[in-house]
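Each chain is listed here by its residues.
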Amino acid sequence: MSENRDSSINLLTEEQCAIVNDTLSSVNNILITVHKSPDGDAMGSGLALKQYLQSLGKHATLVIPDACPDFLHWLPGYKSVVNYSKRKDEAEDIIKSAELVFCLDYNQLSRVEEMQSSLEASTAPKILIDHHENPTIPTIVSASHPEATSTCELIFKFIKQMSGTDAITHDIAVCIYCGMMTDTGGFTYNSNRCDVYVIISELIKKNIDKDYIYNKVFHNYSAWALKLRSYIILNKLHIVDSLHASYFSVTKKEMHDYHFIKGDLEGVVNIPLTMKGHKLSISLREDRDKPNHVFVSLRSSCGFHCRRVAERFFNGGGHDDAAGGQLYCSMEEAEQTALRAIIAFKDELK
């Protein structure tokens, strides 16, 4: 482990470092896991850690519960990822043979959904690196830092603390920057700490092209995706003007009509927050595979925090201003729930 440490960005205590070092020295097959519907932070942190562990001579595999958006398929190392929903038998073998499991970007095993029972059955020790509150996963080391921009920020600190910045290659830097960028909306929220930009400067020293990364993620939609987004804002956005809040819904039929692919609606929930004084935006999207299952995303601004809304009304949670959940009902009932949620917080939303 590198002796040249900056205490301002250390992730682990000395005791945790010792545990990680001892564990890594005694294992070879390492499993990296992330949450269902992996986003830029999940994929970025998973791929960055995978490449770092491989540089140590370890056999590391990233297994994701299901597909990630198409606009992340360009990330370095993506082709080696194992999708549990598509290659279940292979993924199960990897889980069973794992000598160590990293849990990245999730705080509860329920977040991996179909993979949960297999991970619970695994006797391999687990290390958690995450930025969600109140982790419940049994681990030998838990690096839980809700104040962080992203899990990718924590992976940067982990690698630097363990091996120094020389261990951060160009490809690792690309993955880390992508996750930090996507989890902060292009550094427009939850990114007001000085050390965030110290990390960015370190990543740029690895000759990453941050403009290229931005374009690959945010300027990568099809014409159908743009039409779907326009349709939602024009026809489906319900604004509760007096309460500075809104909600919109997307049905299976609408997704079919607009040739929806995963990622086409990424960030749409943020658009209503561009209205002056708007405090809460709620997105409701039907599950294309299961009846009476609605995915919920929430975003907030102007001092109102949506996590409480997610916890109280949508069986969810997350960060103060970016949360999610799910409902098991029809879309009509989901819309009624969204309106009830807004009215329930009317005193704070006015």
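Every value quoted in this text rests on a predicted model; they were computed, and no experiment measured them.

S.K.: Looking at this model, I keep getting lost on the packing of aromatic side chains. Mind explaining?
M.R.: Any two aromatic rings considered together are summarised by their centre-to-centre distance and by the angle between their planes. In this structure the tally under the stated criterion is eleven aromatic pairs. The ring of Trp 224 carries the charged tip of Lys 227 above its face, separated from the ring centre by 5.0 Å.

S.K.: Which parts of the structure should I look at to understand the packing of helix 5 (residues 151-163) against helix 7 (residues 194-204)?
M.R.: Two quantities define a packed helix pair, namely the angle between the axes and the distance from one axis to the other. Relative to each other, helix 5 and helix 7 sit at 65 degrees, their axes nearing to 11 Å. By the angle class used here, helix 5 and helix 7 are roughly perpendicular. The two elements helix 5 and helix 7 cross, and the hand of that crossing is left-handed. Every residue of helix 7 that contacts helix 5 at Glu 153, Phe 156, Lys 157 and Lys 160 is listed here: Asp 195, Val 196, Ile 199, Glu 202 and Leu 203. Class assignment of the residues belonging to the contact of helix 5 with helix 7 gives a composition of four nonpolar, no polar and five charged.

S.K.: I would appreciate a short explanation of the confidence of the model for the protein in the present structure.
M.R.: Per-residue confidence for the protein gives a mean pLDDT of 95, with 97% of residues at or over 70. Within the model, the stretch residues 1-7 combines pLDDT values under 50 with eleven contacts to residues more than four positions away or in other chains.

S.K.: How should I be thinking about the pairing of strand 5 (residues 126-130) in this particular structure?
M.R.: Within a regular strand, the side chains alternate between the two sheet faces. For strand 5, a buried count of five out of five residues is recorded, marking the element as mostly surrounded by other parts of the structure. In strand 5, alternate side chains face the same way, and those of Lys 126, Leu 128 and Asp 130 on one face and Ile 127 and Ile 129 on the other are all buried. Bridge count between strand 4 (residues 100-104) and strand 5: four bridges; the pairing is parallel. Residue pairing for strand 5: Leu 104 is matched across the bridge by Ile 129. Crossover connection from strand 4 via helix 4 (residues 116-121) to parallel strand 5: handedness right-handed. Summarising the sheet, strand 5 and strand 6 (residues 141-144) pair through four bridges and their orientation is parallel. By the bridge assignment for strand 6, Ile 129 is matched with Ala 143.

S.K.: For this particular structure, what's the right way to read the sheet that holds strand 10 (residues 294-300)?
M.R.: Consider a sheet: its strands pair through backbone hydrogen bonds, and that pairing is either parallel or antiparallel. Overall, mixed pairing links the six strands, which are arranged 7-8-9-10-12-11 in an open sheet. The strands lining the two open edges of the sheet, one partner per strand, are strand 7 (238-240) and strand 11 (317-318). Relative to strand 12 (residues 322-327), strand 10 runs antiparallel, the two being bridged by six bridges. Bridging across to strand 12, Val 294 finds its partner in Leu 327.

Here is what the cut-offs are and how they apply
- Numbering of residues starts from 1 in every chain and runs along the sequence as written.
- The predicted nature of this model means local features are confined to residues of pLDDT at least 70 and side-chain atom pairs, given and counted, to a pLDDT of 80 or more, with totals for whole chains, interfaces and linings taken over all residues.
- The side-chain values count all of the structure's non-hydrogen atoms but skip hydrogen atoms and water molecules.
- Working definition: a ring pair exists when centres of Phe, Tyr or Trp rings (six-membered ring for Trp) sit within 6.5 Å. Plane angles under 30 degrees give stacked, over 60 give edge-to-face, the rest tilted.
- The criterion is that NZ of a Lys, or CZ of an Arg, lies within 6 Å of the ring centre and within 35 degrees of the ring normal, and then a charge sits over that ring.
- Axis definition: a line fitted to C-alpha atoms, over the contacting stretch in the case of helices. Angles run 0 to 180 degrees between N-to-C directions.
- Helical segments are the DSSP runs of H or I of at least four residues, strand segments are the runs of E of at least two, and each set is numbered from the N terminus.
- In what follows, roughly perpendicular refers to angles from 65 to 115 degrees, roughly parallel to angles under 35, roughly antiparallel to angles over 145, and oblique to any angle outside these ranges.
- Note on convention: near helix rotated counterclockwise from far helix by under a right angle means a left-handed crossing. Clockwise means right-handed.
- When checking whether two residues touch, look at their non-hydrogen atoms; a contact exists if any pair is within 4.5 Å.
- Classes in brief: Ala, Val, Leu, Ile, Met, Phe, Trp, Tyr, Cys and Pro nonpolar; Asp, Glu, Lys and Arg charged; the others, Gly included, polar.
- As a per-residue measure, pLDDT tells how confident the predictor is, with possible values from 0 to 100.
- Categorising residues by exposure relies on relative accessible area from a 1.4 Å probe, with only protein chains included: less than 20% of the type maximum marks a residue as buried, more than 50% marks it as exposed, and the intermediate range marks it as partly exposed.
- Strand pairing follows a simple DSSP-based rule, namely that at least 2 bridges must link the two strands.
- When the strands point away from the viewer, a crossover counts as right-handed if the path from the first strand over the helix to the second runs clockwise.

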